[in-house]
Amino acid sequence: MNDLYRAWLGVVSADHTQRAVEGGFIQLNHGKRYGVARLRRGDGFAIYSPTQKYRDKTPLRAFTALGVVADDAPYQAEPMSMGERGTIQPWRRRIEFLPVHRAALRDVDLKLTREPNWGYQLRRGLIPLEADDFEILREIMSIS
């Protein structure tokens, strides 16, 4: 996987990450197209989960999934309820998720996390990730 074109870090709660892994897709920023449209086939994709459950403030702070973008363009999924946000028809990308286990943020040393105030950029929901950092995550998280 060293021939990655690019790598990305998505921010998704662990419960939503589980649904994504089971479905083989990623959906970001409540199904908006702009984030997933930035991804290209073959890009590495890591998920950081600040919490276990969406809208829960109890911190998890772990990397929870890892994969590779497996399609050429975003697609719209079937309409789904977002509770009080109403019904949306989210944009998604297919991801070939790798078999991994969680890695706690405190146990991982990445170039990304060495930067002052690095976590502030996570508010965007999707940020570029250096390929070296993706490889570190792959090595730490892989199930043998």
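Residues numbered from 1 in each chain as written. Predicted model: local features only at pLDDT ≥ 70, side-chain atom pairs only at ≥ 80, totals over all residues. Heavy atoms only, no water.

## Section: the side chain of Ser49
We apply this condition: A run of H or I in DSSP becomes a helix once it reaches four residues, and a run of E becomes a strand once it reaches two; helices and strands are each numbered from the N terminus. N or O atoms within 3.5 Å of each other form a polar contact, as long as, within protein, one can give a hydrogen and the other can take it, and as long as residues adjacent in sequence are counted only when both atoms are side-chain atoms.
Relative to the elements of secondary structure, Ser49 occurs in strand β3 (residues 44-51). Within the structure, Ser49 has its side chain in polar contact with the backbone oxygen of Val12 (distance 2.6 Å).

## Quick notes on the environment of Thr58
Condition: Throughout this description, buried means an accessible area under 20% of the type-specific maximum (1.4 Å probe, protein chains only), exposed means over 50%, and partly exposed covers the range between. Contact between two residues is taken to exist if any of their heavy atoms lie within 4.5 Å; hydrogens are not considered.
Relative to the helices and strands, Thr58 resides in the loop between β3 and β4 (59-69). Here Thr58 falls in the partly exposed class, since its relative accessible area comes to 48%. Sequence-wise, Thr58 and Val11 are 47 residues apart; in three dimensions their C-alpha atoms are separated by 15 Å. Thr58 has contacts with Pro50, Thr51 and Gln52, leaving out every residue within four places of it along the chain.

## Side note on the nonpolar core
Formally: What is meant by a nonpolar core is a set of buried Ala, Val, Leu, Ile, Met, Phe, Trp, Tyr and Cys residues, joined one to another through side-chain atoms within 4.5 Å.
Ranked by size, the top nonpolar core spans 19 residues in total, and within it Leu9, Phe63, Leu129 and Leu137 carry the most contacts. Breaking this core down by element, the ones donating at least two residues are β1 (7-11), β3, β4, β10 (126-129) and α4 (131-141). The leading source of residues in this core is α4, at three residues. In contact with Leu9, other than residues within four places in its own chain, are Ala46, Ile47, Tyr48, Phe63, Leu112, Leu122, Gly125, Leu126, Ile127 and Leu129. Formed by 15 residues, the second largest nonpolar core is a distinct cluster that contains Val12, Phe45, Ile47 and Ile95.

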